[in-house]
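# Structure at a glance
Residue-level listing of the chains:
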Amino acid sequence: MNKLEADRLHQIIQSDIEALVGRYYFGREAYFKIKNRKDHFVAGAFRALGIQMH
């Protein structure tokens, strides 16, 4: 495994942990907001609908 792959896996694991903690404290909606904030498909759908992501 090279550094690029290790960094990508680290980002995925960190995002999953943040989403699970968010769900635990704030409910299902927080889980999906965290999981979708870096999802390229969700970002493309928002752009297609003219919705700006923050």
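These numbers were taken from a predicted model, which means no experiment stands behind them.

### Structural notes on the confidence of the model for the chain
For any part of a model where pLDDT is low, the fine detail of the predicted coordinates should not be relied upon. Averaged over all residues, the pLDDT of the chain is 92; the fraction at 70 or higher stands at 98%. Within the chain, no element has a lower average pLDDT than helix H3 (residues 40-49), which sits at 92, and none a higher one than helix H1 (residues 3-26), at 95.

### Points about the packing of aromatic side chains
Across all of its chains, the model carries three aromatic pairs by this definition. Note on tyrosine 24 and tyrosine 25: the rings are 5.0 Å apart at their centroids and 90° apart in plane angle, and the pair reads as edge-to-face. Of the two residues examined, tyrosine 24 and tyrosine 25, each falls in the exposed class. A centroid spacing of 6.5 Å and a plane angle of 55° characterise the contact between tyrosine 25 and phenylalanine 26, whose relative ring orientation is tilted. Comparing tyrosine 25 with phenylalanine 26 shows no difference in burial state: the two are exposed. Just above the ring of tyrosine 31 sits the side chain of arginine 23; from NZ or CZ to the centre is 5.3 Å.

Conventions adopted
Residues numbered from 1 in each chain as written. Predicted model: local features only at pLDDT ≥ 70, side-chain atom pairs only at ≥ 80, totals over all residues. Heavy atoms only, no water. pLDDT = per-residue confidence, 0-100. Helix = DSSP H or I, 4+ residues; strand = E, 2+ residues; numbered from the N terminus. Phe/Tyr/Trp six-rings, centres within 6.5 Å; stacked < 30°, edge-to-face > 60°. Buried < 20%, exposed > 50% of the residue type's maximum accessible area, 1.4 Å probe, protein only. Lys NZ or Arg CZ within 6 Å of the ring centre and 35° of its normal.

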